[in-house]
Amino acid sequence: MYQSPRKSMPRYQQSDSRQQQRQDSSNRNCIECMKKPVQVQCLHCSQFICLECAQKHVDLVAAESDGAMHLLNEKLDVLDRIAANTRQKIVAERDKIVQNADAERDRSFTLLAQMIATEKEILRDKSKRLSELPLNEIPMFIRNL
């Protein structure tokens, strides 16, 4: 069965550990001025700073955050431009495909019309020959159709 390390520590070791943490934070210097003793811990970055440097630290973190937001917004704009350009290319390519398909359809219709016209001409010619045949040749002509 799993037990957390804290629960398995004897009672006196736990209190020693807490005292050590308090001593460590009181022995540290402010990360901004490196001189004054630490008094607060930044909620944003968890670094220890003195009260006099707190506003400066907050301003620095805010500036870093603003810079990061600006960079992210620029990247979003770039992605939007890439998406718009890609959409335009897709639409242009689709238009080319549709034009080619329309041209192919028109060629197919023309070829079909030519084939039908040729077949109709052949059938009209046969019909004319049938109408001009003597009666005794008609059965043989019909078998050969």
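Residues numbered from 1 in each chain as written. Predicted model: local features only at pLDDT ≥ 70, side-chain atom pairs only at ≥ 80, totals over all residues. Heavy atoms only, no water.

1. Topic: the nonpolar core
So, point 1. By size, the foremost hydrophobic cluster in this structure holds 5 residues: C30, I49, C50, C53 and A54.
So, point 2. For C50, the residues in contact, after removing those within four places along its chain, are C30, C33, K36, P37 and Q39. (Core = buried A, V, L, I, M, F, W, Y, C linked by side-chain atoms within 4.5 Å. Buried < 20%, exposed > 50% of the residue type's maximum accessible area, 1.4 Å probe, protein only. Contact = heavy atoms within 4.5 Å.)

2. Some words on helix 3 (residues 54–132)
So, point 1. Compared with the 117 Å implied by 1.5 Å per residue over 79 residues, the 115 Å span of helix 3 between its first and last C-alpha is a close match.
So, point 2. Regarding helix 3, the residues found buried are A54, H57 and V61.
So, point 3. Buried residues in helix 3 make contact with strand 2 (48–49). (Helix = DSSP H or I, 4+ residues; strand = E, 2+ residues; numbered from the N terminus. Expected span 1.5 Å × (residues − 1).)

3. Focus: the environment of S131
So, point 1. You can see S131 is positioned in helix 3.
So, point 2. Among the polar contacts listed, one links the side chain of S131 to the backbone oxygen of K128, at a separation of 2.7 Å. (Polar contact = N/O pair within 3.5 Å; in protein donor to acceptor, adjacent residues only side chain to side chain.)

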